[in-house]
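So the chains spell out like this:
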Amino acid sequence: MRVDVLTLFPEMFAGVFASSILGKAQEKGIVTLNAINFREYSGNKHGTVDDTPYGGGGGMVLKPEPIFAAVEAVREGKHGDAEGKTRSPRVILMCPQGETFTQKKAEELAAEEHLIFICGHYEGYDERIREQLVTDEISIGDYVLTGGELPSMVVIDSVTRLLPGVLGNETSAVTDSFSTGLLEYPHYTRPADFRGWKVPDILLSGHHANIEDWRRKEALRRTLLRRPDLLEKLELSPQDLKWLEQMKTHPPEIKD
């Protein structure tokens, strides 16, 4: 996969792209990450990328020319690919008006070969960017940040870890919270007894079928307690429904 981020602050991405899972994914050649300053495509000597809004009002609006030019340059392979190679990427606008980012969306984007993220600032974007250039609009929550840089980092991290070969344990991404539709079950490691707080006996039993049942029940329990809305969207098995009914009859407590 190739990921290009159009931003006015490419320096914000240096540490993030070089660290942890993202850094290792690049070392393995699984993903290429680029941060591009779209001010370079302003077309004027002052590097101006914004202007006052038509109709008046406060704040400044990002102009269409620099962003269109930057996206077109990336598509034509002027940032790392062979010259003249035209790509058909997903162009993602990070903005509060977009669809709320979910694990399902991450899985959808992880199937793509090329993603371009546009990180805005100021009052907003010229609407023609949204209408004529963008394929997806994404928000990471119902709040407003200074710009689209931090949200794009969140999405890129979430998508990259789903790519084959990125995680050391290939089952990690499959069993993550939200990947199965449920919150993830509790995890324990050594020591088995820490300050009198003990690991559940079933996890020490070596009985894999019972352990899988326990994990499924605990995922259901945690989801029932913390995100019951998720259960309404799932196709649950008869055994799941039986366990849930037992939990509702004898409500569990949050202990973690």
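Conventions and cut-offs
- Residues numbered from 1 in each chain as written.
- Predicted model: local features only at pLDDT ≥ 70, side-chain atom pairs only at ≥ 80, totals over all residues.
- Heavy atoms only, no water.
- UniProt positions renumbered as here; feature names shortened; annotations may be inferred.
- Helix = DSSP H or I, 4+ residues; strand = E, 2+ residues; numbered from the N terminus.
- Rg over C-alpha atoms; globule rule 2.2 N^0.38 Å.
- Buried < 20%, exposed > 50% of the residue type's maximum accessible area, 1.4 Å probe, protein only.
- Contact = heavy atoms within 4.5 Å.
- Domains from an automatic or database assignment.
- Phe/Tyr/Trp six-rings, centres within 6.5 Å; stacked < 30°, edge-to-face > 60°.
- Salt bridge = Lys/Arg side-chain N within 4 Å of Asp/Glu carboxyl O.
- Pairing = 2+ DSSP bridges.
- Right-handed = clockwise from strand over helix to strand, strands pointing away.

An unreviewed UniProt entry lists the protein under the name tRNA (guanine-N(1)-)-methyltransferase, from Paenibacillus oralis. On record in UniProt, under Catalytic activity (unreviewed entry), the comment for the protein is "guanosine(37) in tRNA + S-adenosyl-L-methionine = N(1)-methylguanosine(37) in tRNA + S-adenosyl-L-homocysteine + H(+)".

J.: Give me the lowdown on the overall build of the protein, citing residues and values where you can.
T.: Assigned secondary structure in the protein consists of ten helices and ten strands. Here the C-alpha atoms of the protein give a radius of gyration of 23 Å, more than 25% beyond the 18 Å that 2.2 N^0.38 yields for 256 residues. C-alpha atoms of the protein, sized along the principal axes, occupy 70 × 45 × 35 Å. Sorting the 256 residues of the protein into buried and exposed places 43% on the buried side. The contacts of the protein with a sequence gap of at least 6 include a subset with a gap of at least 24, amounting to 72%.

J.: Which residues make up the domain arrangement of the protein, and what values go with them?
T.: Assigned domains within the protein: domain 1 (2-170) and domain 2 (193-249). For domain 1 and domain 2, the distance between their C-alpha centres works out to 39 Å.

J.: So what about the packing of aromatic side chains? Which residues, and what values?
T.: Counted under the stated rule, the structure contains two aromatic pairs. Seen from their ring centres, F13 and F17 are 5.3 Å apart, and the 45 degrees between their planes marks the pair as tilted. Accessibility classification places F13 together with F17 in one group, the buried group. Where F194 meets W197, the ring centres are 6.0 Å apart and the plane angle is 55 degrees; that geometry is what we call tilted. Relative accessible area serves as the criterion here: at 42%, F194 is assigned to the partly exposed category.

J.: Describe the pattern of salt bridges, and please don't skip the residues or the numbers.
T.: Inspection of the entire model under this criterion finds 15 salt bridges. Put simply, R130 and E127 hold a salt bridge, and the shortest N to O gap is 3.2 Å. With a gap of three residues between them, R130 and E127 both fall in helix α5 (residues 127-132), about one helical turn apart. Taking the relative accessible area as the measure of exposure, R130 reaches 14% and is therefore buried. In this structure, R130 and E137 form a salt bridge, with 2.5 Å as the shortest nitrogen-oxygen distance. Taken together, the shared-partner salt bridges in this structure form one network comprising R90, E99, K105, E108, E112 and D136.

J.: Break down the pairing of strand β6 (residues 114-119) for me, citing the residues and quoting the values.
T.: With six of six residues buried, β6 is to be regarded as a mostly interior element. Alternating positions in β6 separate into two faces, H114, I116 and I118 on one and L115, F117 and C119 on the other, with burial throughout. Pairing between strand β1 (residues 2-7) and β6: five bridges, direction parallel. By the bridge assignment, D4 is partnered in β6 with I116. As paired strands, strand β5 (residues 90-100) and β6 are joined by five bridges and run parallel to one another. Its bridge partner lying in β6, M94 is registered against C119. For the crossover from β5 across helix α4 (residues 103-110) to β6, the handedness is right-handed.

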